[in-house]
Amino acid sequence: MSNSVTVAENNAVMTTYTRFPITLTEGKGSFVWDDQGAKYLDYTAGIATCNLGHRPATVQAAVEEQLNKLWHCSNLYHIPKQDQLAELLVDQTCFDQVFFANSGAEANEGAIKLARRYAHKIKQTDQFEIVTFTDSFHGRTLATMSATGQPKIQDGYAPHMPGFRYARYNDEKEFAQLIQPKTIAVMLELVQGEGGVIPADQAWVDQLVTLCRQHGVLIIVDEIQTGMGRLGSLFAYQQYGFEPDIMTVAKGLASGFPVGAVLAKADISTALTPGSHGSTFGGNPLAMSAGLATLAHICEPAFFESVSKQQQYLWQQLNVLAEQAEDIVEIRGSGFLIGIKVSTKAIDYVNKARAAGLLILVAGPQVIRILPPLNTTKQEIDQACKILNALFLKNEVDNY
Ligand SMILES: *Cc1c(COP(=O)(O)O)cnc(C)c1O
């Protein structure tokens, strides 16, 4: 192939993504630079993945140290950092055991398999159905796509994996039909991310939990986007005041190093026995070193104090903007998972913000999604808000 092919024309990579027309080549903290040297404030955080910003020093040092020791050895051998990261996760949550995978979808696959195996091996039933919700997002593998309650994600991939049924999110009217004889689990995001930044109502969650407990149905929370501090607590369920049976984590767990995890209560996780599940890369020493350093940083005692302060500050600024901006319908979400619903096209704001030096995302056609790194500063928030104010109030965007 000719080496004059530009990035945009190169079609050796399958076209599964619509890419923004810039190429990022460097990142540090809350900022990234493109191949033309332009600097951007990155309020996408790699889609809620670089929760400590780009190349956080403690994580980089931990990975560098591990790079000089052992990269990979397979799960045929003991991997001490797996034990350490699992212990830290268990210490910080209501769960007892962890399985490590490499991505969010793979973690959700593990959770689905665990729920089925628990039903078959421990409860000794042949039930298998998992209820998920409209506008959910659980991943792109065949099973997690089938679990995802969005027809556009499933288009063209029939037949779907059997064993999923969808209920309307935040809708108490569904409760009468929600749990049926075949149902073994419900699976939900506590704030739907990809589906449009939609938080679960506390009262709806309370009733859902009560219903599941009454029927002995497992609750699986997908905290792939909401977890690792994004909502101002380590995990979202901790704010909703209940203990799920199974939780999945990925995105922010290792600051951008691919990793996923399934956490479960001991009575459930014992359904997995040697040979029943596995992964070649899952829990490898490099990923574990990145995960350990990331989680240790987030679990430092004062960490959430400063995060909450900045989260409150950003919400305050955005609420002021929302009062003035005609195009803003609603600001919703929680912590640093923020959706701005507009009456026009969200992507137009995303493109204009990028031209002004601010990277943000959409979550559906009318929702702008803002995902700052957790350790962003007041000064950076001011910079982002200055750009957003200029875009919404139609002033000139200054050169910052
Ligand atoms: C991103 C995401 C996934 C899928 O994670 P991948 O690492 O892309 O497989 C699943 N669930 C939720 C809630 C997500 O935000």
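Where an unreviewed UniProt entry is consulted, the chain appears under the name Acetylornithine aminotransferase, with the organism given as Amphibacillus marinus. Regarding the chain, the relevant UniProt record gives this comment under Pathway (unreviewed entry): "Amino-acid biosynthesis; L-arginine biosynthesis; N(2)-acetyl-L-ornithine from L-glutamate: step 4/4."

(A) Geometry of the packing of aromatic side chains. Overall, the coordinates contain seven aromatic pairs when judged by the stated rule. Taking the centre distance of 5.5 Å and the plane angle of 80° together, the rings of Phe303 and Phe304 count as edge-to-face. The buried category is assigned to Phe303, whose relative accessible area is 7%. When the centroid spacing of 4.2 Å and the interplanar angle of 15° are considered together, the rings of Tyr349 and Phe392 count as stacked. With Tyr349 in helix α13 (residues 346-355) and Phe392 in helix α14 (residues 378-392), the pair connects residues that are 43 residues apart, well separated along the chain. What makes Phe392 buried here is its relative accessible area of 6%. Through pairs of rings, three or more aromatic residues link up here, namely Phe133, Tyr169, Phe175 and Trp204.

(B) Up close: the site of the ligand. Surrounding the ligand, one finds Ser103, Gly104, Ala105, Asn108, Phe137, His138, Gly139, Glu189, Asp222, Ile224, Gln225 and Lys251. Measuring from an oxygen atom of the ligand, one finds a backbone N or O atom of Gly104 at 2.8 Å. For the ligand, whose accessible area on its own is 390 Å², the fraction buried by protein is 82%. It is helix α4 (residues 104-122) that provides the largest number of residues to the shell around the ligand, a total of three residues.

(C) Focus on the pattern of salt bridges. According to the stated counting rule, one finds ten salt bridges in the structure shown. Among the salt bridges present, the one from Arg165 reaches Glu129, with a minimum N-O distance of 2.9 Å. With Arg165 in strand β6 (residues 164-167) and Glu129 in strand β5 (residues 129-133), this residue pair connects regions lying 36 residues apart in the sequence. Salt-bridge contacts for Lys173 lead to Asp171; the nearest nitrogen and oxygen are separated by 3.8 Å. Three or more residues are tied together by salt bridges with common partners; here these are Arg168, Asp171, Lys173 and Glu174.

(D) Up close: the nonpolar core. Counting residues in each nonpolar core, the largest one holds 97 residues, and the members touching the most others are Leu178 and Leu190. Here this core gathers at least three residues from each of two domains, domain 1 (24-55 + 302-394) and domain 2 (57-298). For Leu190, the residues in contact, after removing those within four places along its chain, are Tyr169, Ile198, Pro199, Ala200, Val205, Val221, Glu223, Ala236, Tyr237, Tyr240 and Phe242.

(E) Focus on the UniProt feature "modified residue: N6-(pyridoxal phosphate)lysine" (unreviewed entry) in the chain. Listed under "modified residue: N6-(pyridoxal phosphate)lysine" (unreviewed entry) in the UniProt record, and renumbered for this structure, are Lys251. Mapped onto the elements of the fold, Lys251 is located in the loop between β11 (246-249) and β12 (260-264). Beyond its immediate chain neighbours, meaning those up to four positions away, Lys251 contacts Ile47, Ala48, Thr49, Glu194, Ile224, Gln225 and Gly256.

(F) Spotlight on the domain arrangement of the chain. Looking at the chain, the domain boundaries give domain 1 (24-55 + 302-394) and domain 2 (57-298). Placing a centre on the C-alpha atoms of domain 1 and another on those of domain 2 gives a separation of 26 Å. The interface is formed by 28 residues belonging to domain 1 together with 28 residues belonging to domain 2. Summed over both sides, the interface between domain 1 and domain 2 buries roughly 2,200 Å², with carbon and sulfur atoms accounting for 57% of that surface.

(G) Representation of the pairing of strand β1 (residues 24-28) in the model. Pairing between β1 and strand β2 (residues 31-34): four bridges, direction antiparallel. Residue pairing for β2: Glu26 is matched across the bridge by Trp33. Between β1 and β2, which pair antiparallel and follow one another directly, the connecting turn spans two residues, one of which, Gly29, has a positive phi of 60°.

(H) A look at the packing of α13 against α14. Packing of α13 against α14 brings their axes to within 10 Å, and their N-to-C directions diverge by 125°. Comparing the axis directions of α13 and α14 gives the class oblique. As for how α13 packs across α14, the hand of that crossing is right-handed. On the side of α13, the interface is formed by Tyr349, Lys352 and Ala353, while α14 contributes Ile387, Leu391 and Phe392.

(I) Spotlight on the state of the cysteines. Taken as a whole and assessed by the stated rule, the structure comprises zero disulfides. Left unpaired, Cys50 is separated from the closest cysteine sulfur, that of Cys299, by 18 Å. The closest cysteine sulfur to the non-disulfide-bonded Cys299 is located on Cys94, 14 Å from its own sulfur.

(J) Spatial organisation of the side chain of Glu223. For Glu223, the location among the structural elements is in the loop between β10 (218-222) and α9 (237-240). Here Glu223 occupies a buried position and makes no salt bridge, while the nearest side chain of opposite charge, Arg230, is found at 10 Å. Engagement of the side chain of Glu223 in a polar contact is seen with the backbone nitrogen of Tyr237, the distance being 2.8 Å. Apart from the residues lying within four places of it in its own chain, the contact partners of Glu223 are Leu190, Phe235, Ala236, Tyr237, Met247, Thr248 and Val249.

(K) Broad picture of the UniProt feature "binding site: N(2)-acetyl-L-ornithine" (unreviewed entry) in the chain. Residues given the UniProt feature "binding site: N(2)-acetyl-L-ornithine" (unreviewed entry) here are Arg140 and Ser279. Tracing the sequence through the fold places Arg140 in the loop between β5 and α5 (142-147). Exposure remark for Arg140: the relative accessible area of 60% places this residue in the exposed category. If we skip the residues at most four places from it in the chain, Arg140 touches Ala105, Met145 and Ile153. Here Ser279 is to be found in the loop between α10 (266-269) and α11 (285-298). Those residues in contact with Ser279 that sit more than four places away from it in its chain are Asn75, Phe99, Phe100, Asn102 and Glu106.

The rules behind the values
- Residues numbered from 1 in each chain as written.
- Predicted model: local features only at pLDDT ≥ 70, side-chain atom pairs only at ≥ 80, totals over all residues.
- Heavy atoms only, no water.
- UniProt positions renumbered as here; feature names shortened; annotations may be inferred.
- Phe/Tyr/Trp six-rings, centres within 6.5 Å; stacked < 30°, edge-to-face > 60°.
- Buried < 20%, exposed > 50% of the residue type's maximum accessible area, 1.4 Å probe, protein only.
- Helix = DSSP H or I, 4+ residues; strand = E, 2+ residues; numbered from the N terminus.
- Near = heavy atom within 4 Å.
- Polar contact = N/O pair within 3.5 Å; in protein donor to acceptor, adjacent residues only side chain to side chain.
- Areas by Shrake-Rupley, 256 points an atom, 1.4 Å probe, with all protein chains shown as cover.
- Salt bridge = Lys/Arg side-chain N within 4 Å of Asp/Glu carboxyl O.
- Core = buried A, V, L, I, M, F, W, Y, C linked by side-chain atoms within 4.5 Å.
- Domains from an automatic or database assignment.
- Contact = heavy atoms within 4.5 Å.
- Buried area = accessible area lost by both parts, 1.4 Å probe.
- Pairing = 2+ DSSP bridges.
- Axes fitted to C-alpha atoms, helices over the stretch in contact; angles between N-to-C directions.
- Parallel < 35°, antiparallel > 145°, perpendicular 65-115°, else oblique.
- Left-handed = near helix turned anticlockwise from the far one by under 90°.
- Disulfide = S-S within 2.5 Å.
- Lys, Arg positive; Asp, Glu negative; His and termini not counted.

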